[in-house]
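Residue-level listing of the chains:
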Amino acid sequence: MDEVVKGLIENEHVLVVATICTETVEYARKIHDTWPTATAAMGRVIAGSVLLASTLKDKQKIMIQIKGDGPLSEVVAEADSFYRVRAYVKRPHIYMGLKNEKIDVGRGVGKGFLNVIRDLGLREYYQSSVELQTGEIARDLAYYLNVSEQIPSAVSLGVYVEPDNSVKAAGGFMIQTMPETRAEIVDFLERKLSQTQSTSSMILQGMDSLQILEEVVGLPIEVLQRGTVTYFCPCTKDRVINAIVTLGREEIQKMIEEGKTVDVECYFCKKKYEVTVEELKILLREI
Ligand SMILES: [Zn+2]
């Protein structure tokens, strides 16, 4: 079962969060039929969104959007405060080979921007963006947290894809210090982090999220919260119809003139919705 653990290093002001989301990423891979580079990029963004979701209040959501000039073009994951995640990749059929025995996500993503959109509820949204540093996503997310949110953070994300394309491991961890954190602890953590093994290899060894955190920081952890990560898309026909509105009057008029029922597919879960000509006519009157 996919999980997330959030805690503090015992008696220290350091926040630690880890997730194992292998099943969720494998589920997303099947929905989107992603090839390894797309799977790894999407899996890292999913794990990253779960880590950021650990800082949300009830019913809030967070979306990470990676937009690059590489062949993947766009990778998006959204997570809510209950660790329900959905994701998509604009170009799922991308495999670019390995670099240093790892899937070359950086080349798949290319240069561009990382956007984080926080949905605080009540139609309140906050978006902030940073330029991609490597396109490898973990470092980009750490850069975003350090620069845009001004929270000193370390992030590691990992996805291991089997030769048959299935996901064998996916997850990540995040460590954040606070203004009160002792300088000795910061130095200690920097040294520990420079020696740490990759997240996917720790997952492949069978460690759970808490064991990963203990291994990474080498100190006891006080658990504050545990959660279950699932793939969940809250799409409804109403939301699909709202998406049609954004096409504009002219486009909708054209669809009506064609006289055919329109099939609309949800980006995130591939569920298909049928919108009839009658429904399009009502929509046009309402705009
Ligand atoms: Zn959906």
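Quick caveat: nothing in here was measured; it's all calculated off a predicted structure. (Residues numbered from 1 in each chain as written. Predicted model: local features only at pLDDT ≥ 70, side-chain atom pairs only at ≥ 80, totals over all residues.)

Student: Break down the overall build of the protein chain for me, citing the residues and quoting the values.
Tutor: In terms of regular secondary structure, the protein chain is built from 10 helices and 15 strands. Looking at the protein chain as a whole, 41% of its 287 residues qualify as buried. Sequence-distant contacts in the protein chain: of pairs separated by 6 or more residues, those separated by 24 or more amount to 66%. (Helix = DSSP H or I, 4+ residues; strand = E, 2+ residues; numbered from the N terminus. Buried ≥ 20, exposed ≤ 12 C-beta atoms within 10 Å, placed from the backbone. Contact = placed C-beta atoms within 7 Å.)

Student: Let's hear about helix H5 (residues 183–195): which residues, and what values?
Tutor: Helical periodicity: at 3.6 residues per turn, an α-helix aligns residues three or four positions apart in one direction. Here H5 is 13 residues long and its end C-alpha atoms lie 19 Å apart, about the 18 Å a rise of 1.5 Å per residue gives. Among the 13 residues that make up H5, 1 are buried, leaving the element largely open to the surroundings. (Expected span 1.5 Å × (residues − 1).)

Student: Explain the nonpolar core residue by residue, including any values.
Tutor: In this structure, Val16, Ala41, Val45, Ile46, Val50 and Ala87 are the most contacted members of the largest nonpolar core, which totals 74 residues. The leading source of residues in this core is helix H2 (residues 36–53), at 11 residues. Not counting residues up to four positions away in its chain, the partners in contact with Val50 are Val4, Thr19, Cys21, Ala79, Tyr83, Val85 and Val229. (Core = buried A, V, L, I, M, F, W, Y, C linked by C-beta atoms within 7 Å.)

Student: Outline the packing of helix H1 (residues 22–32) against H2, listing residues and values.
Tutor: The N-to-C vectors of H1 and H2 enclose an angle of 135 degrees; their axes lie 10 Å apart at closest approach. Between H1 and H2, the angle falls in the class oblique. H1 and H2 meet at a crossing whose hand is right-handed. On H2, the residues that touch Thr24, Val25, Ala28 and Arg29 of H1 are Thr39, Met42, Gly43 and Ile46. Its residues placed into classes, the contact of H1 with H2 shows 4 nonpolar, 3 polar and 1 charged. (Axes fitted to C-alpha atoms, helices over the stretch in contact; angles between N-to-C directions. Parallel < 35°, antiparallel > 145°, perpendicular 65-115°, else oblique. Left-handed = near helix turned anticlockwise from the far one by under 90°. Nonpolar A, V, L, I, M, F, W, Y, C, P; charged D, E, K, R; others polar.)

Student: Break down the environment of Glu257 for me, with residues and values.
Tutor: Along the polypeptide, Glu257 turns up in helix H9 (residues 249–258). Exposure remark for Glu257: the 9 C-beta atoms within 10 Å place this residue in the exposed category. For the pair formed by Glu257 and Val277, sequence separation is 20 residues and the distance between their alpha carbons is 8.7 Å.

Student: Quick one: what's the story with the domain arrangement of the protein chain, residue by residue and with numbers?
Tutor: The domain architecture assigned to the protein chain consists of domain 1 (3–231) and domain 2 (237–286). Taking only C-alpha atoms, the centre of domain 1 and the centre of domain 2 are 35 Å apart. Across the contact, 4 residues belong to domain 1 and 4 residues belong to domain 2. (Domains from an automatic or database assignment.)

Student: Which residues make up the sheet that holds strand E13 (residues 230–231), and what values go with them?
Tutor: Strand pairs in the sheet, formed through backbone hydrogen bonds, run parallel or antiparallel to each other. Spatially, 6 strands are ordered E9-E8-E3-E4-E5-E13 in an open sheet, and the strand pairing comes out mixed. Edge positions in the sheet fall to strand E9 (125–131) and E13, since each of these pairs with one other strand and no more. Alignment of strand E3 (residues 61–68) against strand E8 (residues 112–119), held across 8 bridges, turns out to be antiparallel. Opposite Ile64, over in E8, you have Val116 as the bridge partner. Its contacts with the sheet place helix H4 (residues 138–147) against E8 and E9, and it is angled at close to 60 degrees to E8. (Pairing = 2+ DSSP bridges.)

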